[in-house]
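A structural walkthrough
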Amino acid sequence: MTRAKALLRDHPIIPLLVLLALLVGLLEIMRPGIVGERWIANTVKFAIPLAMLAACQTLTMLTGGIDLSAAIVATISSFVMATLVPFYGAPAAIVLSLVPAVLIGLLNGVGVGLFRVHPLIITLGTGLIGTGCLQVYQSTVIATGSEVPEALAWLGTGRTWGFPNALVLFVPFAALILYAQRRTGFGRLLYAMGDNEGAARLAGVRGWQVHLALYAISGLIAGVAGLLYVGLIKAPSLSLAVPLMLPSVAAAVIGGTSIFGGRGGYAGTIVGALILTVLGTMLTLLQMPEGVRRILFGGIILGVAAIHLRLTDTR
Amino acid sequence: MKALRKHAWITGLAVILALLILATKLIQPTFGASGVESLARAALPFAFATVAQAVVVIAGGIDLSIASVMAVCSVTAAVLMEGNGGAASLGIVLLVLAIGAAMGALNGLLITLTRVPDIVVTLAMLFVWEGVALLILNAPGGRAADWLRGLIIGGLPIPGLGGVPRALVFLLVLVALVWLPIRRSRTGLSLYAVGSDALAAFRSGVNVGRTRIVAYGLAGLFAAMGGLSLTLSTGIGEPIPGPYLLASVAAVVLGGVVLGGGKGGLLGPLIAVFILRLVRMDLTLLSVDPNVSAIIEGTIMVVVVMIGGLLAAKGRL
Amino acid sequence: DYTIGISNTVQGNGWREEMICAMKAQALVSGKVDSLNIAHRNTDAAGQSEDIRNLIEAGVDAIVVNPANPDGIADAVKEATDKGIVVVAVDQGVNADSAYVLSNNQEEYAYLGAKWLFETIGGSGSVVYMRGAAGAAADDDRDRGFKRALAEFPDVTVAQEVFTGWQQDKGKQQILDYIATGIPFDGIWTSGIDNVIVDALVESDVDLVPVVGADNAGFVGQLASVEGLTGAAVTNPGSIGGAGVTLALQILEGQMPAERVVLVDPALWANNDDKGKEMIAAAQNPDLDPEWPVSVSIDGWTDYSMEEIIACKGPGE
Amino acid sequence: MTHEAPLLDASGVEKRFGAVVALKAAALTIRRGEIVALMGANGAGKSTFVKILTGALRADSGHVRIRGTERVVGSPAEARRSGLVPVYQEPSLIPDLDVADNLRLGGTDPAKFKAWMAELGFSTLDLSAMIHSLPLATLRIIDLARALASEPDVLLLDEMTAALPTDLVEAVLRVVKQQAEAGRSVIYISHRFAEIAQVCQRAVVLRDGATVGDVPIEAGAEERIVEMMLGEAIKPGETAAQRAAPAPSGTPRLAVRGLGATGKLTDVSFALHPGEVLGVVALEGQGQDELFEVLAGARKPDRGVIEVEGSPRRFAHPADAIAAGLSFVPGNRADALAMQQSVRDNLALPFSAHPRAWGPIHMRREGEIVARTIERLQIDTRAQGEVGRLSGGNQQKVTIGRWLAHGCDTLLLFDPTRGIDVRTKRQIYPLVRELAASGAAVLFYSSELEEIQLACDRCIVIFNGRVVDTMPASKADEPRLMRAAYGLTESAA
Ligand SMILES: Nc1ncnc2c1ncn2[C@@H]1O[C@H](COP(=O)(O)OP(=O)(O)OP(=O)(O)O)[C@@H](O)[C@H]1O
Ligand SMILES: Nc1ncnc2c1ncn2[C@@H]1O[C@H](COP(=O)(O)OP(=O)(O)OP(=O)(O)O)[C@@H](O)[C@H]1O
Ligand SMILES: [Mg+2]
Ligand SMILES: [Mg+2]
């Protein structure tokens, strides 16, 4: 076992970054000239909402959970916000739109924390309920129009000195999560709960409190991600962020977070989201039948995960 | 004690199913043999997907590629049967089953070889199999042999029971044929052992890798049955995977199979599938606003698992 | 008075939502419908067959269905018509002789838009071809129309072919990626994911190229307001759903249509000709959901007002 | 001595886990009919060696000869076919299968298994019991009986007795001796010299992953072996007789009256005063597990009163007990540790339990406390990034260290020296005394009777869920404790 390998094992983010760089290199070979300021900004713009939704998955996965309602929650927030703007103006609409997000999160937390339901099933259920509620809600606002506030569009699509404005939101957000996961009591509990809930209990941790807070936070993050995404896409719809559900899970697991809990972290997830976004671009630009594209997409995901494991594993 | 509780869960599900059947009869007094028959037929692909998922989950994994594998099998069957209607279609069925099992085994093999977590591998394979399905058939098409389609339509007169839907018989016979011999064998035990504690299983002398491959292979086999049932019920192959992934996970968990592995059987998930289908049917019969019906389906799912969680917690203290 | 069943397999998409609202509004204003029984969810042909059979169980008089694909639900449709239920397929045809079809001509839809695009770029150049969902029947039909037009313009090439999956976010990301390659292109054909494409062009500060889209409110608005944008909207009325209800009611009342299959041919509104400009100006409706088609009614087939379809209320609501 | 090749002969075995060198020159030879002790401090590499010999791990290099032929044992199944059968330090049974299915899984003959269980004193075990519902001690015995049923040439027992109460230890030792008499061999790992002296002929000593000695067991060998193991001599511990017992007075810190809980706890009363270490002695399954769980808030009592500082308390959750100053070190370290987390995170876990403490961690202050605890318990930090990779004994230290770091008024120690090496044990007893001296009250269940005199002031003996005897530790010699533990009390409770 060499020093280099020990380094890789202790910092699994490094090989992930290397793999990302390789993919970008491959893309540049495929389409010379594509990797420029504009492309990077676009990629980052699209990776950010994905990375935010993947934060919901990362945090819940640390406790052995998952939040399958996150993409729907994001959609709900964005749609509710856009349809409320004509009535209440942007600031109030933004605040109001986060209410259902937190509510769904709390419901998840109650189910997981107090009723001991598996997170996968409860978030699937609340996602269904959320979808239904959204459909019912939209049938009441068809005629009133919708509007994406300037500020969100600026945040979602704009660039300043070449940097996507979304970074204004994302950098502090990511810094907060990265800090919280290892340097706050709450972060430590997420890992401990996912690792051995019984042990955490014996150490005096009341699991339901953690779950309730966690899923509420997850709902809030999803809501904010939805607002950012609608600023980027500028077309509120009933399924806006729904296509991000599987990718958000994928970003977290490619980034090295275990669905069984106790392992991983947000840094890997961010790179995971970037990798997926770059892969999406490759898929778009490949001149091949759609079937072949998807096979390559899956194959590369598997390859990245396998290489990453090889590089960081000690066994 | 634990066994009692497990069976209590299945009994509870059976009671819910019975109540739902009763409710259906109340909502629609004409509900009868044909209703049951169409229910069974509708449940077929869900049931196979669920059984496939259940086997993998019992063995401690999860298969996100189930619906894509079904799609590949469905289009393969539909393409091959186009123009090969007669006896050849029997061979095609066997071939597709073998292909499904092989695809599943490949999933398992990749998990074992790369040591990448199940969820990542099967997520990647979800895209791969989706791509394969599109290469085989780029739009809905192909066809199914008519005599095969007849197999799952209508009822089978069984003494004492009246007409039992063929689809139901087909489902139970196939699942029992594959699962029951395995369940009690060393292989079956290994599935549960690996799901329960892979390290302890390895130390007890179980070949963990082989067991994983078997689990995924079985899942592939059941998924192939699901894919075939899709082809048989629609008469064509559709390359876009249907809504079977999340539905299978939901039914597996509702059916008392614990995510993480080692616990549960196939009966619970099967009952859960019928419960979910029947809820759907009742909502249509009641002509509930479609948007509200999503809310109701979600609520039922949440409430049932919450009650289950509550009961389990009571039992634990 | 009648009970009408409705079956639809895509949820959360503006076009389909408008279709459902048109069905509700038409049923309401006709005064002949007691209740609507709507099955509206994301599913495949097998799931749609299940819904249709549930509607049969529910005892509806007619079923208006937007088929997942023409063949997959043929059996279920036949079962319905065998029971004397009137079945009208809208938007997409269905291969069952006993059903009536009132469908948008998808091949023509693509042909019309593509032909306009190729002419507008001067008969030569390269275009970005942004399709719908790989493996979907409607996408396949449209592809045929697009290819037919392409064959007529030997100097036009497809610079890039992508599948948006009819998802706004995916479409926008794809076109931004393509713009970033720096490879020039002369026009964009979209399968209805259109306004985000125009947004992307504007946001990227590149020269606006001609864009073909559907008559979605957002895109039609852009055709009138975006400086320097040349584009054409091809009509693809979601209100065909309302027409389907009308047809079903006519048949129930004994007025048989002359033809079993009626194809509604699309129209093209281009903002580079006067007639098109007029149509576009008349169709402006900033209050409409940007995903909703602006052609909310079809003369001779629907009777509701703009307010009524937007209210989206059916009988008994 | 015959010239037959040794049954098992390993030399130069090396194994690294990342930066951790677990083994660097391990060697061991065993012949037919021998019982050899494998000794070493916590983390010396004993378990790793056993895992390599039985195919659960692959060595990086080294030679293993079985009956004279060089072999690479690929898996536990293969080891078993070669006649090498281990009982690992952690139970290797499938939690969600019942006993019978566990036997079938490994291809064990149930009849032979049953015979061995009977031999070990479990003639009534229900084969349809689920593994996860059985107590740890029973699991250890099942593991052993399963190994014995396959009639191994070499049986490898890794701290088989650590979690066993005295009566079961005796049974195990008897069976081990029988094995040797039948011409089979046993490699026996334990930190208890008394057991080794009873059954082993010689001891192979590992230090820091290298075999440093092969010593015959004879009078006076103990000190030599300890010195080899540790690289230093240690002095014997102070016993209760040499200590002035504090006179308990005033309000007890913890008073328990008529406590009962479903299961085996029927009626237990006692008082525990500040500054006092109260020993608890019981055979397997007399209700001691339930008693500690109830006091820790991990189980609801059916009846009885718990008073802390004179006021009655009800614990609905361990957090309540902790708030009342009662901290619990469970017997099974797997119950207490988040195995994939670092030593630091495990030690500091209680700090973060309350929502008040969910905010930023004061890294420097916490770091100091953690460092002090590691220092105080001499936790081997080579693999500190993941507690699960520490050796068993070091894991055990972390479970105790957590409450030292956190501070507590009343410490509930359930067999805290399970699997801990001599040196550390000799550090833990003074530690417990120190805690008591600083005003803490300690309830101390031990499966090693000699510990009562080494650590406690007083002790109670529980039989059948009741306190059957109470005595000062200075009078608690082994024979008296044993008699009481079997319910043969002469003095009233
Ligand atoms: N698909 C099926 N078709 C028919 N019968 C089945 C099917 N699956 C399970 N069974 C029956 O139901 C019983 C319960 O099956 P399951 O797989 O849930 O195991 P289990 O609950 O652990 O059973 P056991 O009572 O044997 O422990 C089986 O023993 C079998 O007889
Ligand atoms: N999987 C692993 N990864 C990293 N380090 C490990 C792993 N397994 C063991 N080690 C390390 O190897 C060394 C030897 O451990 P081992 O378990 O063999 O000790 P031991 O002699 O059995 O100790 P004890 O008496 O405490 O059980 C320890 O430092 C331990 O932390
Ligand atoms: Mg059973
Ligand atoms: Mg050890």
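In the nomenclature of an unreviewed UniProt entry, chain B corresponds to Autoinducer 2 import system permease protein LsrD from the organism Vannielia litorea. Listed in UniProt under the heading Subunit (unreviewed entry), the comment for chain B reads: "The complex is composed of two ATP-binding proteins (LsrA), two transmembrane proteins (LsrC and LsrD) and a solute-binding protein (LsrB)." If you open the UniProt record of chain B and go to Function (unreviewed entry), you find "Part of the ABC transporter complex LsrABCD involved in autoinducer 2 (AI-2) import. Probably responsible for the translocation of the substrate across the membrane."

1. Overview of the overall build of chain B
Scanning chain B from N- to C-terminus turns up 13 helices and two strands. Projected onto the principal axes, the alpha-carbon positions of chain B cover approximately 60 × 60 × 40 Å. Partitioning the intrachain contacts of chain B with sequence separation of at least 6 by distance along the chain shows that 77% fall at a separation of at least 24. Of the roughly 11,000 Å² of accessible surface on chain B, a fraction of 73% belongs to carbon and sulfur atoms.

2. What to know about the coordination of the magnesium ion (ligand 4)
All names here are of chain D. For the magnesium ion (ligand 4), the full set of protein donor atoms is Ser-47 (OG) and Gln-89 (OE1), and the range of their distances to it is 1.9 to 2.1 Å. Of this pair, Ser-47 sits in helix H1 (residues 46-53) while Gln-89 is found in the loop between strand S6 (84-87) and helix H3 (99-106), placing the two residues 42 residues apart along the sequence. Under the relative-accessibility criterion, Ser-47 is labelled buried at 16%.

3. Points about the site of ligand 2
Residues and elements named next belong to chain D. In the neighbourhood of ligand 2, 22 residues make up the surrounding shell, with Lys-46, Ser-47, Thr-48, Arg-389 and Gly-393 lying closest. Arg-389 is positioned with one of its backbone polar atoms (N or O) 2.5 Å from an oxygen atom of ligand 2. Taking Ser-391, its side chain carries an N or O atom lying 2.8 Å from an oxygen atom of ligand 2. When ligand 2 sits alone it has 640 Å² of accessible area, and the protein chains cover 91% of it.

4. Focus on the state of the cysteines
Under the criterion given, the structure shown has one disulfide over all chains. Each sulfur of the disulfide joining Cys21(C) and Cys312(C) lies 2.0 Å from the other. Looking down the S-S bond of the Cys21(C) and Cys312(C) bridge, the torsion is -85°, so its handedness is left-handed. In this pair, Cys21(C) is assigned in helix H1 (residues 14-30) and Cys312(C) in the segment after helix H11 (306-311), connecting sequence segments 291 residues apart. Here Cys408(D) stays unpaired: no disulfide links it, and the sulfur of Cys456(D), its closest cysteine neighbor, is 15 Å away.

5. Looking at the interface of chain B and chain A
Between chain B and chain A, the residue contacts involve 40 residues of the former and 42 residues of the latter. Summing both sides of the interface, chain B and chain A together bury roughly 3,600 Å²; the carbon and sulfur share of this comes to 83%. Three residues, Arg115(B), Phe127(B) and Met306(B), lead the burial of chain B against chain A; their summed loss comes to 16% of the area buried on that side. For Glu130(B), the salt bridge identified is with Arg294(A), shortest N-O distance 2.8 Å.

6. Some remarks on the packing of helix H4 (residues 70-88) of chain A against helix H6 (residues 119-140) of chain A
Residue and element names in this part refer to chain A. Close contact between H4 and H6 brings their axes to 9 Å; oriented N to C, the two are set at 20°. Overall, the two elements H4 and H6 adopt an arrangement that is roughly parallel. Our pair here, H4 against H6, has a crossing hand that is left-handed. Judged by residue contacts, Ile-72, Thr-75, Ile-76, Phe-79, Val-80, Thr-83 and Leu-84 of H4 engage Gly-127, Gly-130, Thr-131, Leu-134, Tyr-137 and Gln-138 from H6. The residue inventory of the contact of H4 with H6, partitioned by class, reads seven nonpolar, six polar and no charged.

7. As for the environment of Ala45(C)
Within the secondary structure, Ala45(C) is located in helix H2 (residues 45-57). Looking at Ala45(C), the relative accessible area reads 0%, which means it is buried.

8. Some details on the side chain of Asp67(A)
Residues and elements named next belong to chain A. Its location among the elements puts Asp-67 in the loop between helix H3 (37-62) and H4. Despite its burial, Asp-67 pairs with no opposite charge; the closest candidate is Arg-116, at 16 Å N-O. Among the polar contacts listed, one links the side chain of Asp-67 to the side chain of Ser-218, at a separation of 2.7 Å. Ignoring anything within four residues of it in the chain, the contact list for Asp-67 reads Cys-56, Gln-57, Thr-60, Asn-108, Thr-123 and Ser-218.

9. Quick look at the pattern of salt bridges
Within the structure shown, the criterion is met by 61 salt bridges over all chains. Across the salt bridge formed by Glu197(A) and Arg116(A), the nearest N and O atoms sit 2.9 Å from each other. With a gap of 81 residues between them, Glu197(A) in helix H10 (residues 197-202) and Arg116(A) in the loop between helix H5 (90-114) and H6 connect regions that are remote in the sequence. On the accessibility criterion, Glu197(A) (29% relative accessible area) is partly exposed. One salt bridge in this structure joins Glu107(C) and Arg144(C), with 3.7 Å as the shortest N-O distance. Of the two residues, Glu107(C) sits in helix H4 (residues 106-120) while Arg144(C) sits in helix H5 (residues 137-152), which places them 37 residues apart along the sequence. Taken together, the shared-partner salt bridges in this structure form one network comprising Arg277(B), Arg280(B), Glu297(B), Arg41(C), Glu50(C) and Asp51(C).

10. What to know about the packing of helix H13 (residues 266-285) of chain A against helix H6 (residues 168-181) of chain C
As a packed pair, H13(A) and H6(C) sit with axes 10 Å apart at the nearest point and diverge in direction by 75°. One finds that H13(A) runs roughly perpendicular with respect to H6(C). Here Thr277(A), Thr281(A), Thr284(A) and Leu285(A) of H13(A) come into contact with H6(C), specifically with Gln173(C), Gln174(C), Asp177(C), Tyr178(C) and Thr181(C). Here the residues of the contact of H13(A) with H6(C) sort into two nonpolar, six polar and one charged.

11. What about the packing of aromatic side chains?
Within the structure shown, the criterion is met by 16 aromatic pairs over all chains. Their ring planes at 35° and their centres at 6.0 Å tell us that Phe170(A) and Phe173(A) sit as a pair that is tilted. Here Phe170(A) pairs with Phe173(A), and both are found in helix H8 (residues 166-183), just three residues apart, close to one helical turn. Here Phe170(A) and Phe173(A) have matching classes, each one buried. Each member of the aromatic cluster is reached from another via a ring pair, and the members are Phe118(C), Tyr129(C), Phe146(C), Phe153(C) and Trp189(C). If you follow Arg203(B) out to its NZ or CZ, it ends over the ring of Tyr88(D), 4.6 Å from the centre. The ring of Tyr111(C) carries the charged tip of Arg148(C) above its face, separated from the ring centre by 4.1 Å.

12. A few points about the sheet that holds strand S4 (residues 86-90) of chain C
The pairing of strands in a sheet happens through backbone hydrogen bonds and is either parallel or antiparallel. All names here are of chain C. An order of S2-S1-S3-S4-S5-S11 is seen for the six strands of this open sheet, with the pairing classed as parallel. One side of each edge strand has no neighbouring strand; the edge strands of this open sheet are strand S2 (33-40) and strand S11 (261-264). When the angles between neighbouring strand axes are averaged without regard to direction, this sheet yields 15°. Two strands pair when backbone bridges link them, and strand S1 (residues 2-8) and S2 are joined in this way by seven bridges, in the parallel orientation. Each bridged residue has a counterpart across the sheet, and for Asn-8 the counterpart in S2 is His-40.

13. Things to note about the interface of chain C and chain B
Contacts between the two partners involve 33 residues from chain C and, on the opposite side, 34 residues from chain B. When chain C packs against chain B, the two sides together hide about 2,700 Å² of surface, and 49% of this comes from carbon and sulfur. If you look at where chain C meets chain B, you find four salt bridges. For Asp75(C), the salt bridge is made with Arg149(B), and the minimal N-O distance between the two is 2.4 Å. There are eleven residue pairs in polar contact (both at pLDDT 80 or more) connecting chain C and chain B. For the side of chain C that touches chain B, the secondary structure elements donating two or more residues are S2, H2, helix H3 (74-82) and H5 of chain C. In terms of residue class, the side of chain C that touches chain B is made up of eleven nonpolar, ten polar and twelve charged.

Conventions used here
Residues numbered from 1 in each chain as written. Chains lettered and ligands numbered in written order. Predicted model: local features only at pLDDT ≥ 70, side-chain atom pairs only at ≥ 80, totals over all residues. Heavy atoms only, no water. UniProt positions renumbered as here; feature names shortened; annotations may be inferred. Helix = DSSP H or I, 4+ residues; strand = E, 2+ residues; numbered from the N terminus. Contact = heavy atoms within 4.5 Å. Areas by Shrake-Rupley, 256 points an atom, 1.4 Å probe, with all protein chains shown as cover. Donors = N, O, S within 2.8 Å, 3.2 Å for Na, K, Ca; no water. Buried < 20%, exposed > 50% of the residue type's maximum accessible area, 1.4 Å probe, protein only. Near = heavy atom within 4 Å. Polar contact = N/O pair within 3.5 Å; in protein donor to acceptor, adjacent residues only side chain to side chain. Disulfide = S-S within 2.5 Å. Buried area = accessible area lost by both parts, 1.4 Å probe. Salt bridge = Lys/Arg side-chain N within 4 Å of Asp/Glu carboxyl O. Axes fitted to C-alpha atoms, helices over the stretch in contact; angles between N-to-C directions. Parallel < 35°, antiparallel > 145°, perpendicular 65-115°, else oblique. Left-handed = near helix turned anticlockwise from the far one by under 90°. Nonpolar A, V, L, I, M, F, W, Y, C, P; charged D, E, K, R; others polar. Lys, Arg positive; Asp, Glu negative; His and termini not counted. Phe/Tyr/Trp six-rings, centres within 6.5 Å; stacked < 30°, edge-to-face > 60°. Lys NZ or Arg CZ within 6 Å of the ring centre and 35° of its normal. Pairing = 2+ DSSP bridges.

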